[in-house]
Amino acid sequence: MNRLAQEKSAYLQHAKNQKINWYPWSEEAFEKASLEGKPVFLSSGAVWCHWCHVMAQESFEDDEVARLLNECYISVKLDRDERPDVDRRYQQAVAAMGYGGGWPLSVFLTPDRKPFYGGTYFPLDESFGRPGFKAILKSISDLYREKQKDVFEHSEKLLEMLKPEPIPAKEVNESLIDEGVAHILSGYDQRYGGFGQAPKFPMSGAIEFLINRAFLTKEKPLLDAVKTTLLAMARGGIHDQLGGGFHRYSTDQEWIIPHFEKMADDNAWLLRNYIDAYEVFGTPYFKETALGIINFFRTELSHPEGGFYASQDADIVPEDEGGYFLWTDEDLRSALNEDEYRVLSLYLFHEKGRMRHDPSKRVLFLSRSMDDIAQELAMEPALVAHIIKEGKAKLLNVRSLRQKPFIDTAFYTSLNGLVISAFLKAYRTLGDENIKELALKSIGKVMDVNVKKGRLFHAEGVKALLDDYIFFSDALIAAYEATGNTLYLEQAKGFMDTCIEGFRDKEWGGFFDTDEEVIGMRLKGIEDIPHPAANSLAILVLLRLSLATNDEAYRNHARKALEAFAPYGQSHGIHGGYYFSALDGFFHMVELTLNTSSRSDLSKTALALFHPYKAVRYGEDKGNVMACYKNICHEPFTIPSDIKAFFDAIR
């Protein structure tokens, strides 16, 4: 009997009619496996995942696969967004087996939850150099039946190997910041921007760190790397050129062909990147890109009463990957008039955008500049810009009439925290009250939906994880700084105190990802996978909370976390990028005490002026702003121009 029909997860709901006797992740499933002496097959994935849909269609809808799973296994389906703590541990296990990682994740377990074999996507029959799923099911069943003792011993050793060994803490100093810059830039792709080759993820934590250092140092290599990367991504097919927002990653080195899912966490942090880049460079295109991300959230991933959804799927059907976002030449001709077609086919429609599964369909990306097109067509640049604007609006309208990819309306606290913080950052730069109001309304929605009797939850029925506490506390502090409302500060303090009590490694510093063991372990790391690690952001949250509450204990926790992770920073390379932002913030935080209303010109100026590391406290209304930097506190400022002069001086 398939037991998924009553589950909240959209991903599990998609499998509720399969002939496989699926269980959700539950005690019942493993008790059943123990009782019947069967191994457990765990399939972990997400509703946005293209290859999850492919494997479902190829294998989980296959009668022979269903028979094998039902006869030889207890089958468990897991939503990796709903239970990232469980998925994370099995990802590490499969990686340790030498089979990489990703989704769908396919893991074979003993009845006591210990992994002994696994992989990711398996085709139904052998292909792509991968073994066939039916053959694997038969082989693993035989192995488990004939060599069960060996299987249990192997799984025990594997799980023990995964348990992290603490590394002694290391004192931190400012020189580590420069080492971090050098380490990250060593992987910089000078030709196409970004880091490494294909596939390419934005790595927004590392980008934020480089933006911050570029702002503070004005070093040309940093400025060039940041600008080149952000321009390349914004012009590429990874960026939705019509609807705004970014797809999850690029399958090629040039940012052209993406995997088409659009994720709340990716877009939240990319919004931060483009807003900060607009502050640093003043480039209108960066502002335009940021506004496009905001529009994507508003139109596709927001609840009418506030709050943000988790993701937009990659596909309508697996065999037409990204079909909603793709265009044929005929599509363009039928949607546009003659002048619009001439211009936009040069601007967005390029051979490199052809899809492998259907070469007639292409991804739109910026292949030519407006000035080049104006010169080639002997048109005024202003006219070309107008035609592009009108043509893109027509294409977006035509696309909106297509069947849309599925939106996962799951309401996760961690993701909402990320988006709310990004919106409040955008508000401080752009001054748009509508952006602030949606962010504040979304905080209220989280408090209504995912806080029960003062206790924070990740989602309905799933208790909060470290990411939930840190990302939502960050959002609450951002709301306090934007409004001066002390209720937000009190809520942030309450959640962080709970987090410190339940998640902090009291011996070594830093935070575990859960408040109790999951599959026999608690994990503690600073790897950006791919959004910035909660442990890294926690350090900055603690520093801001220390100033806002005048409590030095929070700063001490931040320092101890920095020291605990110092030995890991460089070993993670690009994936440890945001740790260096936390380290940078520890040494370069600007502390502002706003002795004035949040609505005053003084406060508005102090909040709007850009500095990558800024902590805010509201005091009595004395009509001034006090600023401290590197343990030096300055005379109170009473006019906005003096605040501007101070920020210029400390660069």
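Novice: Would you mind going over the overall build of the protein in detail, with residue names and values included?
Specialist: Assigned secondary structure in the protein consists of 25 helices and 17 strands. Put simply, the protein has 651 residues, and 60% of those count as buried. Looking at the protein as shown, the accessible area adds up to about 26,200 Å², and 49% of this sits on carbon and sulfur atoms. One way to put it: in the protein the 75 positive side-chain charges average out to a point 1 Å from where the 95 negative ones average out.

Novice: Give me the lowdown on the nonpolar core, citing residues and values where you can.
Specialist: Among the nonpolar cores identified, the biggest contains 159 residues, and Tyr274 and Phe423 are the most heavily contacted of them. Per-element accounting of this core gives the leading share, 12 residues, to helix α19 (residues 466-483). Here phenylalanine 423 is in contact with Leu271, Ile294, Phe297, Phe308, Ile435, Leu438 and Ala439, once residues within four sequence places are set aside. In terms of nonpolar packing, the next biggest core, distinct from the first, is built from 35 residues, Ala10, Ala56, Leu124 and Phe133 among them.

Novice: I'd like a description of the state of the cysteines, backed by residues and values.
Specialist: Within this structure, the stated rule accounts for two disulfides. Each sulfur in the disulfide pair cysteine 49 and cysteine 52 lies 2.4 Å from the other. Looking down the S-S bond of the cysteine 49 and cysteine 52 bridge, the torsion is 85°, so its handedness is right-handed. In this structure, cysteine 49 and cysteine 52 share a single accessibility class: buried.

Novice: So what's going on with helix α9 (residues 204-217)? Residues and values would help.
Specialist: For α9, which comprises 14 residues, the first-to-last C-alpha distance of 20 Å matches the rise-based estimate of 20 Å (1.5 Å per residue) to within 8%. Most of α9 sits out of view: 13 of its 14 residues are buried.

Novice: Give a description of the packing of aromatic side chains that names residues and reports values.
Specialist: For the structure shown, the criterion picks out 39 aromatic pairs. Their ring planes at 80° and their centres at 5.8 Å tell us that tryptophan 48 and tryptophan 103 sit as a pair that is edge-to-face. In this pair, tryptophan 48 is assigned in the loop between β2 (40-45) and α3 (50-60) and tryptophan 103 in the loop between α5 (84-96) and β4 (105-109), connecting sequence segments 55 residues apart. Tryptophan 48 sits in the buried class, given a relative accessible area of 2%. With 5.8 Å between their ring centres and 50° between their planes, phenylalanine 296 and phenylalanine 297 make a pair best called tilted. As far as burial versus exposure is concerned, phenylalanine 296 and phenylalanine 297 are alike and both buried. Through pairs of rings, three or more aromatic residues link up here, namely Trp22, Phe41, Phe60, Tyr73, Tyr99, Phe108, Tyr117, Phe122 and Phe133. A cation over an aromatic ring shows up here: arginine 402 above the ring of tryptophan 327, its NZ or CZ 4.2 Å from the ring centre. The lysine or arginine in question, arginine 555, covers the ring of phenylalanine 586, its NZ or CZ lying 4.4 Å from the ring centre.

Novice: Can you explain the side chain of serine 345? Please cite residues and give values.
Specialist: With respect to the secondary-structure elements, serine 345 resides in helix α14 (residues 338-347). Apart from residues no more than four positions distant in its own chain, serine 345 is found in contact with Leu332 and Glu340.

Novice: Can you lay out the pairing of strand β15 (residues 614-618) for me, pointing to particular residues and giving the numbers?
Specialist: Along β15, four of the five residues are buried, which leaves the element largely enclosed by surrounding structure. The handedness of the strand β14 (residues 590-595) to β15 crossover, carried by helix α24 (residues 601-608), is right-handed.

Novice: Residues and numbers for the pattern of salt bridges, please.
Specialist: Within the structure shown, the criterion is met by 47 salt bridges. Among the salt bridges present, the one from arginine 80 reaches aspartate 81, with a minimum N-O distance of 2.6 Å. The shortest N-O distance in the salt bridge between glutamate 563 and arginine 559 comes to 3.3 Å. With glutamate 563 and arginine 559 both in helix α22 (residues 552-565) and four residues apart, the pair spans about one turn of that helix. What makes glutamate 563 buried here is its relative accessible area of 18%. What you see here is one network of salt bridges that share partners, running through Arg428, Asp474, Glu481 and Arg544.

Novice: Kindly report on empty space enclosed by the protein, identifying the contributing residues and their values.
Specialist: Taken as a whole, this structure holds three cavities of 30 Å³ or more when the rule is applied. The space that makes up the largest cavity amounts to roughly 440 Å³. Lining the largest cavity are 27 residues, with Arg272, Lys425, Arg428, Pro612 and Lys614 sitting closest to its centre. The leading source of residues in the lining of the largest cavity is helix α17 (residues 413-430), at five residues. Across the lining of the largest cavity, the residue classes tally to 13 nonpolar, four polar and 10 charged.

Novice: An account of the layout of surface pockets is needed here, citing residue identities and associated values.
Specialist: Approximately 660 Å³ is the volume attributed to the second largest pocket. If you trace the second largest pocket, you find 25 residues lining it, with Gln241, Tyr285, Glu288, Tyr347 and Lys392 closest to the centre. Considered class by class, the residues forming the lining of the second largest pocket number 10 nonpolar, nine polar and six charged.

Novice: Account for the packing of helix α10 (residues 220-235) against helix α12 (residues 284-300), naming residues and giving values.
Specialist: With their axes 11 Å apart at the nearest point, α10 and α12 run at an angle of 50° to one another. In terms of axis orientation, α10 runs oblique to α12. Seen from above, α10 lies across α12 with left-handed handedness. Listed contacts from α12 to Lys227, Leu230, Leu231, Ala234 and Arg235 of α10 are Tyr285, Phe286 and Thr289.

Novice: Run through α19, naming residues and quoting values.
Specialist: An ideal rise of 1.5 Å per residue puts 26 Å on 18 residues; α19 measures up with 26 Å between its terminal C-alpha atoms. Of all 18 residues in α19, 17 are buried, a share of seventy percent or more. Positive phi appears at glycine 484, one or two residues downstream of α19, with a value of about 80°.

Novice: Mind laying out the pairing of β2, listing which residues take part and the relevant values?
Specialist: Among the six residues of β2, six are classified as buried, and the element is accordingly described as predominantly covered. The two faces of β2 match: Val40, Leu42 and Ser44 on one face and Phe41, Ser43 and Gly45 on the other face are all buried. Here β2 runs beside strand β3 (residues 74-79); their pairing, made up of six bridges, is parallel. Note on β3: the bridge partner recorded for glycine 45 is aspartate 79.

Novice: Could you give an account of the side chain of threonine 593, with specific residues and numbers?
Specialist: The residue threonine 593 is located in strand β14 in this model. In terms of polar contacts, threonine 593 uses its side chain to reach the side chain of arginine 617, at 3.3 Å. Sequence-distant contacts of threonine 593, defined by excluding residues within four places in its chain, comprise Arg617, Gly619, Asn624, Val625 and Met626.

Novice: Please give an account of the sheet that holds β4 that cites residues and values.
Specialist: Spatial ordering of the open sheet is given by β1-β3-β2-β4-β5, a layout of five strands whose pairing is mixed. Across the chains shown, the open sheet's two edge strands, defined by having one partner strand only, are β1 (22-24) and β5 (115-119). Sheet twist, expressed as the mean angle between neighbouring strand axes with direction ignored, is 30°. Pairing geometry for β1 and β3, over three bridges, is parallel.

Conventions adopted
- Residues numbered from 1 in each chain as written.
- Predicted model: local features only at pLDDT ≥ 70, side-chain atom pairs only at ≥ 80, totals over all residues.
- Heavy atoms only, no water.
- Helix = DSSP H or I, 4+ residues; strand = E, 2+ residues; numbered from the N terminus.
- Buried < 20%, exposed > 50% of the residue type's maximum accessible area, 1.4 Å probe, protein only.
- Areas by Shrake-Rupley, 256 points an atom, 1.4 Å probe, with all protein chains shown as cover.
- Lys, Arg positive; Asp, Glu negative; His and termini not counted.
- Charge placed at Lys NZ, Arg CZ, Asp CG, Glu CD.
- Core = buried A, V, L, I, M, F, W, Y, C linked by side-chain atoms within 4.5 Å.
- Contact = heavy atoms within 4.5 Å.
- Disulfide = S-S within 2.5 Å.
- Expected span 1.5 Å × (residues − 1).
- Phe/Tyr/Trp six-rings, centres within 6.5 Å; stacked < 30°, edge-to-face > 60°.
- Lys NZ or Arg CZ within 6 Å of the ring centre and 35° of its normal.
- Right-handed = clockwise from strand over helix to strand, strands pointing away.
- Salt bridge = Lys/Arg side-chain N within 4 Å of Asp/Glu carboxyl O.
- 1 Å grid on protein atoms, 1.4 Å probe; cavity = no way out; pocket = protein on both sides within 12 Å on 5 of 7 lines; lining within 4 Å.
- Points joined across faces, edges and corners; volume = space filled by probe spheres on them.
- Nonpolar A, V, L, I, M, F, W, Y, C, P; charged D, E, K, R; others polar.
- Axes fitted to C-alpha atoms, helices over the stretch in contact; angles between N-to-C directions.
- Parallel < 35°, antiparallel > 145°, perpendicular 65-115°, else oblique.
- Left-handed = near helix turned anticlockwise from the far one by under 90°.
- Pairing = 2+ DSSP bridges.
- Polar contact = N/O pair within 3.5 Å; in protein donor to acceptor, adjacent residues only side chain to side chain.

Note that all results are geometric; they support no functional claim without further evidence.
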